[in-house]
Amino acid sequence: QVQLEESGGGLVRPGGSLRLACVGSGPDLTFYTKSWYRQTPGAQRELVASISYGEETNYADSVKGRFTISTNNAGDAAYLQMNNLKPEDTAAYYCNAHLVLPGTDVTYDYWGQGTQVTVSS
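Not measured: the values here are computed from a predicted model.

**Q** What is the right way to read the overall build of the protein chain from this model?
**A** In terms of helices and strands, the protein chain carries zero helices and eleven strands. In the protein chain, the order of α-helices and β-strands from amino to carboxyl end is β-β-β-β-β-β-β-β-β-β-β. Relative to its length of 121 residues, the protein chain is compact, with a C-alpha radius of gyration of 14 Å against a globular reference of 14 Å. Once the C-alpha set of the protein chain is aligned to its principal axes, its extents read approximately 50 × 25 × 25 Å. Buried residues in the protein chain amount to 39% of all 121 residues. Across the protein chain, the fraction of contacts at a sequence separation of at least 24, relative to all contacts at a separation of at least 6, is 54%. When the accessible area of the protein chain is evaluated, it comes to approximately 6,700 Å², of which 47% is carbon and sulfur surface. In the protein chain, 8 positive and 12 negative side-chain charges are present, and the distance between their average locations comes to 10 Å.

Okay, structure coming up:
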């Protein structure tokens with residue numbers, strides 16, 4: 001069973017930076033696509049950034065140029081460097097690991113418990 005644990009959230013002033021970390025334990029996560037999502041109360045969870053096994057990245061328009069997603073060499077962790085934070089970035093941030101077995105519709109999808117990011121002066 002895969003477990004994902006996020007860390008690095010907190011309170012920061014507008015314009016500040018935070019680095020979120022997501023560390024996985026359990027089966028090999030090397031081939032999984034790692035993503036960060038965020039959610040505010042009453043809203044749907046939205047994709048912030050993702051990185052594939054081949055290190056292809058994808059970002060929400062609202063964070064392009066400010067956030068950077070990365071992984072470690074072992075492939076069992078994902079990071080989100082967040083710069084120039086804005087009040088509208090305030091949300092609970094969730095780590096996700098997703099895999100579709102090639103040639104099948106079998107999927108594996110794991111979530112962390114979330115870490116709160118609050119941007120306020």
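Read on for the rest.
**Q** Could you clarify how one ought to interpret the packing of aromatic side chains in this entry?
**A** The geometry of two aromatic rings is summed up by the distance between their centres and the angle between their planes. Tallying each qualifying case throughout the model produces three aromatic pairs. Seen in terms of ring centroids, Tyr-32 and Tyr-110 are 6.1 Å apart; in terms of plane orientation they differ by 40 degrees. Their pairing is tilted. With Tyr-32 in the loop between strand 3 (18–25) and strand 4 (33–39) and Tyr-110 in strand 10 (residues 107–111), this residue pair connects regions lying 78 residues apart in the sequence. Summarising the burial analysis for this pair, Tyr-32 and Tyr-110 share the class buried. When the ring centre of Trp-111 is taken as reference, the NZ or CZ atom of Arg-45 above it lies at 4.7 Å.

**Q** What's the story with the nonpolar core in this structure? I'm lost.
**A** Considering soluble globular proteins, one finds that nonpolar side chains tend to be buried as a cluster. Among the nonpolar cores identified, the biggest contains 29 residues, and Leu-4, Trp-36, Val-48, Phe-67, Leu-80, Met-82 and Tyr-93 are the most heavily contacted of them. Sort the elements by how many residues they give to this core and strand 9 (residues 91–100) lands first, with five residues. Beyond its immediate stretch of four places on either side in the chain, Leu-80 contacts Leu-18, Arg-19, Leu-20, Trp-36, Val-48, Ala-49, Phe-67, Thr-68, Ile-69 and Tyr-93.

**Q** Which parts of the structure should I look at to understand the sheet that holds strand 3?
**A** Sheet strands line up and pair through hydrogen bonds in the backbone, either parallel or antiparallel. Pairing is antiparallel across the open sheet formed by four strands, whose spatial order is 1-3-8-7. In this open sheet, the two edge strands, each paired with only one partner strand, are strand 1 (3–7) and strand 7 (67–71). Sheet twist, expressed as the mean angle between neighbouring strand axes with direction ignored, is 15 degrees. Note that strand 7 and strand 8 (residues 77–82) share five bridges and pair antiparallel. Paired with Thr-71 across the bridge in strand 8 is Ala-78.

The rules behind the values
Numbering of residues begins from 1 in every chain and follows the order in which that chain's sequence is written. The predicted origin of the model limits local features to residues at a pLDDT of at least 70 and limits the giving and counting of side-chain atom pairs to 80 or more, whereas totals for whole chains, interfaces and linings rest on all residues. To obtain the side-chain values, all non-hydrogen atoms of the structure were used and water was disregarded. Strands are runs of DSSP state E lasting at least two residues, helices are runs of H or I lasting at least four, and both sets are numbered from the N terminus onward. For the radius of gyration, the atoms used are the C-alpha atoms, and the globule rule reads 2.2 Å times the number of residues raised to 0.38. Type-normalised accessible area, obtained with a 1.4 Å probe on protein chains alone, sets the label of each residue: buried when under 20%, exposed when over 50%, and partly exposed for intermediate values. Only heavy atoms enter the contact rule, under which two residues are in contact if any of them lie within 4.5 Å. Computed with a 1.4 Å probe, the accessible areas rest on the Shrake-Rupley method; for each residue, only the protein chains presented here act as cover. Under the counting rule used here, the positive set is Lys and Arg, the negative set is Asp and Glu, and His together with the chain ends is not counted. Positions of charges follow a simple convention, taking NZ of Lys, CZ of Arg, CG of Asp or CD of Glu. Pairing of aromatic side chains here covers Phe, Tyr and the six-membered ring of Trp, requires ring centres within 6.5 Å, and sorts the geometry by plane angle: under 30 degrees stacked, over 60 edge-to-face, intermediate tilted. Lysine NZ or arginine CZ positioned within 6 Å of the ring centre and within 35 degrees of the ring normal marks a charge as sitting over the ring. Side-chain atoms within 4.5 Å are what join buried Ala, Val, Leu, Ile, Met, Phe, Trp, Tyr and Cys residues into a set we call a nonpolar core. Strand pairing is assigned whenever DSSP detects at least two bridges linking the two strands. Every angle, taken between N-to-C directions, lies between 0 and 180 degrees, and every axis is a line fitted to C-alpha atoms, over only the stretch in contact when it is a helix.

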